[in-house]
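Structure assessment
Listed below, chain by chain, are the residues.
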Amino acid sequence: MRRTTIRLDEVADLEHLTWAFWRASRGKRRSPAVQWFARSLDENLARLRADILDGSVAVGRTHRFEIRDPKRRVIHAPCFPERVLHHALMAYIAPVFDRYLVPDTFACRPGKGTHAAARRAQALSRRFPWYLKIDMRSYFASIDHDVLRGLIRRRIKGRGVLALCDRILDAHHATPGRGLPIGALTSQHFASLYLAGLDRYLLEELRVGGLVRYMDDVVVWGRSRAELREVLAAAREYTAGRLHLEIKPGWQIQRTVRGVTLCGFRVGLGALRLSQRRRRRYRQARERWERAYRHGIVEELTLQKGYSSALAVTAGADAVAWRRRELARRPPVEA
């Protein structure tokens, strides 16, 4: 396969780094780190450019914190200058990765996302009577650096860019030689690429009826339970042998008429319902904005915008009746 050449001076171009700064600062303009960087923007970008070109750019400086959504996740959010670096780098690398991904991979891709994944899952559920749902155990923490380096080198070339990717990988280890930090833009694209071979194996060699993947959540459709059991055995062998991953024991083989939970939706043949997780996120968002309003932290207009952002969590689902019941049970505070 022909590889794409990416030059380090393209990534470090000042005009490109300026674009990366604005991209990285979207929705974070009030952050002290963003404001500090912006106050001396030309100087900071020139320093970042010089550090990229001489190979000394700092990587691996992150803010570590935990969330529960609902399970515990450890987030490593890169410092702002590194976020600028990641946006500058992935602007060139992500389109190359994207060309290798199958159409039914929906994470971190323009025009895709959770809503598109749910709609595609619904279309496949209407065509096939059975589905298999799998995901990987501790996916980000289990990604093998050597395997990932090989996958990257099969897609791109350029000594400086590959050395930078290696430094980003080496900056984080969950265990020796393994792991990507949750919270970094590079990690999202690297993790999406990592399972691309499994997608092609399922579609092109096993000839499954259909597939939808969102990061490490994989749903495969087929014509019988026996067929999907064979697919599961083959997928286990592929992921363990080639990717050094383990499929979680909680895999499911079910009839499509019973529905499948994917990307925050309960996907049925006739409707997309909200999952319990997405309903909980809506309630939490509402309560957070209402609490801020009651304490005088935000004004009425900001509260209205907060309600809109909370409702966005429910977008794409057939949830009008549920929203009405929720509002009747707990009306919004008066603005």
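See above for the structure.
Per chain, residues are indexed from 1 in the order of the written sequence. For a predicted model such as this one, the threshold for reporting local features is a pLDDT of at least 70, and the threshold for listing and counting side-chain atom pairs is 80 or more; totals across whole chains, interfaces and linings nevertheless cover every residue. Where side-chain values are given, they derive from all heavy atoms of the structure, hydrogens and water being excluded.

**Overview of the packing of helix α8 (residues 145–153) against helix α9 (residues 159–170)**
Definition in use: Angular values range over 0 to 180 degrees, each being the angle between N-to-C directions of two axes fitted as lines to C-alpha atoms, with helices fitted over their stretch in contact. The way it works is that DSSP assigns letters per residue, a run of H or I at least four long becomes a helix, a run of E at least two long becomes a strand, and they are numbered from the N terminus. An angle counts as roughly parallel when it lies under 35 degrees, as roughly antiparallel when it exceeds 145, as roughly perpendicular when it falls between 65 and 115, and as oblique in every other case. Left-handed describes a crossing whose near helix is turned anticlockwise from the far helix by less than a right angle; the clockwise case is right-handed. Contact criterion: two residues are considered in contact whenever any of their non-hydrogen atoms come within 4.5 Å of each other. Residues are grouped as follows: Ala, Val, Leu, Ile, Met, Phe, Trp, Tyr, Cys and Pro are nonpolar; Asp, Glu, Lys and Arg are charged; every other residue, Gly included, is polar.
Direction vectors running N to C along α8 and α9 enclose 160°, while the axes themselves pass 11 Å from each other. Classified by the interaxial angle, the pair formed by α8 and α9 is roughly antiparallel. Judged by the sense of rotation from one axis to the other, the crossing of α8 with α9 is right-handed. On the side of α8, the interface is formed by H145, L148, R149, I152 and R153, while α9 contributes L162, D166, L169 and D170. Class assignment of the residues belonging to the contact of α8 with α9 gives a composition of four nonpolar, one polar and four charged.

**Examining helix α6 (residues 114–127)**
Let me state the cut-off plainly: To estimate how far a helix should reach, multiply one less than its number of residues by 1.5 Å. Whether a residue is buried, partly exposed or exposed follows from its accessible area with a 1.4 Å probe, protein chains only, as a fraction of its type maximum: under 20%, in between, or over 50%, in that order.
With 14 residues, α6 ought to run about 20 Å at 1.5 Å a step, and its terminal C-alpha atoms sit 20 Å apart, in line with that. For α6, the set of buried residues is A116, A117, A118, A121, Q122, L124 and S125. The inward-facing, buried residues of α6 contact β6 (210–214), β7 (217–222), β9 (260–262), β10 (265–267) and β11 (272–274).

**Comments concerning the packing of aromatic side chains**
Rule in force here: Stacked, edge-to-face and tilted labels apply to pairs of Phe, Tyr and Trp rings (six-membered ring for Trp) whose centres lie within 6.5 Å, assigned for plane angles under 30 degrees, over 60, and everything in between, in that order.
Within the structure shown, the criterion is met by nine aromatic pairs. Ring centres 6.2 Å apart and planes at 55° place the aromatic pair F97 and F190 in the tilted group. In this pair, F97 sits in helix α5 (residues 80–100) while F190 sits in helix α10 (residues 185–194), placing the two residues 93 residues apart along the sequence. Under the relative-accessibility criterion, F97 is labelled buried at 3%. When its relative accessible area of 1% is taken as the criterion, F190 is described as buried. The interplanar angle of 70° and the centroid separation of 5.4 Å between the aromatic rings of Y282 and W322 together place this pair among those described as edge-to-face.

**Quick notes on the sheet that holds β6**
For the record, the criterion: DSSP-based pairing: two strands are paired if at least 2 bridges between them are found.
The sheet built from four strands is open, its strands ordered β6-β7-β4-β8 with antiparallel pairing. Edge positions in the sheet fall to β6 and β8 (252–255), since each has one partner strand and no second. Each adjacent strand pair in this sheet contributes to an overall mean axis angle of 20°, direction not counted. In this sheet, β7 lies alongside strand β4 (residues 130–134) in antiparallel orientation, the contact comprising five bridges. Looking at the pairing, W130 lines up with G222 of β7. Lying over the sheet, α6 contacts β6 and β7, oriented at roughly 160° with respect to β6. In this fold helix α11 (residues 196–205) packs onto β6 and β7, with an angle of close to 170° to the strand it touches most, β6.

**Brief notes about the environment of V218**
Here V218 shows up in strand β7. V218 sits in the buried class, given a relative accessible area of 0%. Taking the C-alpha atoms as reference points, V218 and D69, separated by 149 residues in sequence, lie 19 Å from one another. Excluding its chain neighbours within four sequence positions, the residues that come into contact with V218 are L132, K133, I134, L202, L211, V212 and R213.

**What to know about the environment of R155**
Turning to its location among the elements, R155 is positioned in the loop between α8 and β5 (156–157). Considering only alpha carbons, one finds R155 and Y100, 55 residues apart in sequence, at a separation of 8.4 Å.

**Brief notes about the sheet that holds β11**
Spatially, the three strands line up as an open sheet ordered β9-β10-β11, and their pairing is antiparallel. Single-partner strands in this sheet number two, and they are β9 and β11. Neighbour to neighbour, the strand axes of the sheet diverge by 35° on average, direction disregarded. In the sheet, β10 pairs with β11 via three bridges, with the strands oriented antiparallel. Looking at β11, one finds that R266 is bridged to R273.

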